[in-house]
Amino acid sequence: MVNQKKLQKWVVLGTGGTIAGTAASPSDLTAYQAGQLGVAVLLDAVPGLREVLQDDPLVCEQVAQLDSKDMDPATWQALALRCAHWLAQPDVGGVVITHGTDTLEETAWWLHKVLDTTKPVVLTCAMRPATAALPDGPQNLRDALTVVREPKARGVLVVCAGHIHSARHVQKVHPFRLDAFGSGEAGPCGQVVSGQVRWQAPLDGPQVHPQAGQLLACAAADWPWVEVLHSHAGADPRKVSLLAAAGVRGLVVAGTGNGTVHQLLLAAVLQAQAQGVAVRLSTRCSEGPLVGTPAALQMTEPGLNPFKARISLMLDLMA
Ligand code: SIN
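First, a word on what this report is: a plain description of the structure on this page. (Residues numbered from 1 in each chain as written. Predicted model: local features only at pLDDT ≥ 70, side-chain atom pairs only at ≥ 80, totals over all residues. Heavy atoms only, no water.)

## Thoughts on the layout of surface pockets
Quick note on the threshold: Residues are said to line a cavity or pocket when one of their atoms sits within 4 Å of a point; the points come from a 1 Å grid over protein atoms alone, cavities being sets where a 1.4 Å probe fits but cannot get out and pockets being open sets with protein on both sides within 12 Å along at least five of seven lines. Grid points are joined across faces, edges and corners, and a volume is the space filled by probe spheres set on the points. Helical segments are the DSSP runs of H or I of at least four residues, strand segments are the runs of E of at least two, and each set is numbered from the N terminus. As a working rule, the residues Ala, Val, Leu, Ile, Met, Phe, Trp, Tyr, Cys and Pro are called nonpolar, Asp, Glu, Lys and Arg charged, and the rest polar, with Gly in that last group.
In this model, the largest pocket occupies a volume close to 410 Å³. Glu287, Gly288, Pro289, Gly303 and Leu304 are, among the 28 residues lining the largest pocket, the residues nearest its centre. It is strand 13 (residues 278-283) that provides the largest number of residues to the lining of the largest pocket, a total of 3 residues. Residue composition of the lining of the largest pocket, grouped by class: 11 nonpolar, 12 polar and 5 charged. Put simply, the second largest pocket is a space of about 300 Å³. The wall of the second largest pocket is formed by 17 residues, among which Thr18, Leu29, Tyr32, Met127 and Pro175 lie closest to the centre. Tallied by class, the residues present in the lining of the second largest pocket amount to 7 nonpolar, 6 polar and 4 charged.

Below is the structure:
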């Protein structure tokens with residue numbers, strides 16, 4: 001009997017971004033419209049797709065078509081539910097998501113906290129629109145498909161410019177460089193070199209938040225309202241009372257340095273906290289966790305940037 005390879009299905013979900021962007025001219029790398037081309041068109045442009053898939057079936061689905069600066073709770077909810085749907089199918093090996101770069105790290109953290117799976121979910125993106133003379137999207141999408149098929153791949157990962165980042169550490173660090181993402185002091189967890197994956201660090205297992213199911217079942221319009229507040233020179237404390245009066249449920253304070261907070265802002269935040277607003281402290285620094293107990297505020301999980309901490313607090317508030 002001929003030993004037949006067991007085929008696995010792979011799923012690619014499109015959400016928009018520069019990877020699906022179009023410009024009037026191939027030389028236009030900044031004046032373009034994000035989220036214009038469908039995910040099937042993006043897959044058609046991937047060089048050697050058949051070779052990467054090795055006859056495995058591929059399914060694609062358009063979940064959204066937006067510029068990720070406009071990412072919203074309803075789209076996050078729809079995306080997580082579509083991921084959960086596909087990942088629950090026994091013949092599906094993993095999911096790739098095409099996404100804009102601007103809020104990619106937030107979506108990665110969101111999915112990391114709400115998807116209860118050991119299968120890989122790989123987000124990818126581009127810094128040049130699909131119409132560029134030399135677009136980076138097709139190579140990134142090819143690399144993401146290579147990573148999702150890797151037997152060791154698991155959890156939520158981000159692939160851009162040949163680097164593989166974890167949802168926890170990834171952060172956009174440059175406004176226009178092709179290699180726009182970094183993982184700070186942790187560094188990337190791997191690389192894709194000539195179509196081969198080289199792992200450099202152990203991967204995070206699933207870390208589903210206990211309230212993930214509740215948040216996914218709740219209408220996105222009713223999710224707890226959580227804002228990020230930055231401490232800075234001349235920080236005006238009135239922003240805290242305005243937010244509290246408007247009904248904010250949680251605040252993530254992006255402190256200066258090791259989580260220090262302008263004295264006027266800190267007084268206002270402590271007052272809001274005493275009135276029932278949940279507060280977490282993070283830092284404006286792009287690298288390194290907070291050490292010690294910098295302010296009279298509860299710190300976020302170590303190393304989470306303020307925008308990822310906002311997602312965690314939103315989930316905490318569902319309790
Ligand atoms: C976006 O985030 O959707 C636009 C910018 C990008 O993808 O680089």
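## Side note on the nonpolar core
Grouped burial of nonpolar side chains is what soluble globular proteins tend to show. Just so we agree on the cut-off: Among the buried residues, those of types Ala, Val, Leu, Ile, Met, Phe, Trp, Tyr and Cys that are joined through side-chain atoms within 4.5 Å form a nonpolar core. Buried means the residue's accessible area, taken with a 1.4 Å probe over protein chains only, is under 20% of the maximum for its type, while exposed means over 50%, and partly exposed covers the values in between. Note on contacts: a residue pair qualifies if any of its non-hydrogen atoms lie within 4.5 Å across the two residues.
Core analysis: the biggest nonpolar cluster contains 51 residues, and Cys83, Ile97, Trp110 and Leu111 have the highest contact counts within it. Look past the residues within four positions of Leu111 in its chain and what remains in contact with it is Leu79, Ala80, Cys83, Ile97, Val121, Leu123 and Val156. Grouped together as the second largest cluster of nonpolar side chains are 27 residues, Ile19, Val96, Ile164 and Val192 included.

## Here we look at the packing of helix 3 (residues 73-87) against helix 4 (residues 104-114)
In plain terms, the rule: Comment: axis = line fitted to C-alpha atoms, over the contacting stretch for helices; angle = value between 0 and 180 degrees taken between N-to-C directions. By the definition adopted for this analysis, an angle is roughly parallel if under 35 degrees, roughly antiparallel if over 145, roughly perpendicular if from 65 to 115, and oblique otherwise. Left-handed is the label given to a crossing in which the near helix is rotated counterclockwise from the far helix by less than a right angle, and right-handed is the label when the rotation is clockwise.
Two numbers describe how helix 3 lies on helix 4: the axes approach to 11 Å, and their chain directions differ by 50°. Put simply, helix 3 runs oblique to helix 4. Once helix 3 is placed against helix 4, the crossing between them reads as right-handed. Residue-level inspection shows Trp76, Gln77, Leu79, Ala80 and Cys83 of helix 3 in contact with helix 4, the latter providing Glu106, Thr107, Trp110, Leu111 and Val114. Class assignment for the residues of the contact of helix 3 with helix 4 results in 7 nonpolar, 2 polar and 1 charged.

## A closer look at the site of the ligand
Where we set the bar: Nearness of a residue to a molecule or strand requires only that one of the residue's heavy atoms be within 4 Å of it. Nitrogen and oxygen atoms within 3.5 Å of one another constitute a polar contact, given that in protein one can donate a hydrogen and the other can accept it, and given that sequence-neighbouring residues count only through two side-chain atoms. Throughout, the Shrake-Rupley method with a 1.4 Å probe supplies accessible areas, and for residues the shown protein chains are the sole cover considered.
Around the ligand sit Gly17, Thr18, Asp67, Ser68, Gly100, Thr101, Asp102 and Ala126, and that is every residue in its neighbourhood. At 2.9 Å from an oxygen atom of the ligand is found a side-chain nitrogen or oxygen belonging to Thr18. Between Asp102 and the ligand, the recorded distance is 3.0 Å, taken from a backbone N or O atom to an oxygen atom. Its free accessible area being 250 Å², the ligand has 95% of it covered by the protein chains. In terms of residue class, the shell around the ligand is built from 1 nonpolar, 5 polar and 2 charged.

## Concerning the packing of aromatic side chains
Aromatic rings considered in pairs are described by the distance between their centres and by the relative angle of their planes. Put simply, the rule is: Between the rings of Phe, Tyr and Trp (Trp by its six-membered ring), a pair exists once the centres lie within 6.5 Å; its type follows the angle of the planes, with under 30 degrees stacked, over 60 edge-to-face, and the other angles tilted.
Under the defined criterion, the tally for this structure stands at 2 aromatic pairs. Ring geometry for Trp110 versus Trp223: centroids 5.1 Å apart, planes at 40°, classification tilted. Taken as a pair, Trp110 in helix 4 and Trp223 in the loop between helix 6 (212-217) and strand 11 (226-230) lie far apart in primary sequence, 113 residues in all. As far as the burial class goes, Trp110 and Trp223 line up, both buried. Grouping aromatic residues by their ring pairs yields a cluster made of Trp76, Trp110 and Trp223.

## Remarks on the sheet that holds strand 11
To keep it simple, the criterion reads: A strand pair is defined by DSSP finding two or more bridges across the two strands.
Ordered in space as 11-12-13, the 3 strands form an open sheet in which the pairing is parallel. Taken across any chain shown, the strands that pair with only one partner, and hence form the sheet edges, are strand 11 and strand 13. Strand-to-strand twist across the sheet, computed as the mean angle between neighbouring axes with direction ignored, equals 25°. Of the pairings in the sheet, the one linking strand 12 (residues 250-255) to strand 13 comprises 6 bridges and is parallel in character. Of the residues in strand 13, the one forming a bridge with Val252 is Arg280. On top of the sheet, helix 7 (residues 238-246) reaches strand 11 and strand 12; it is set at about 175° to strand 11, its chief contact.

## Observations concerning the side chain of Asn305
Following the sequence through the fold, Asn305 ends up in the loop between strand 13 and helix 9 (306-316). Residue classification places Asn305 among the buried positions, given a relative accessible area of 7%. Looking at Asn305, its side chain comes within polar contact range of the side chain of Glu105, at 3.0 Å. Side chain to side chain, Asn305 and Gln171 meet in a polar contact 3.5 Å long.

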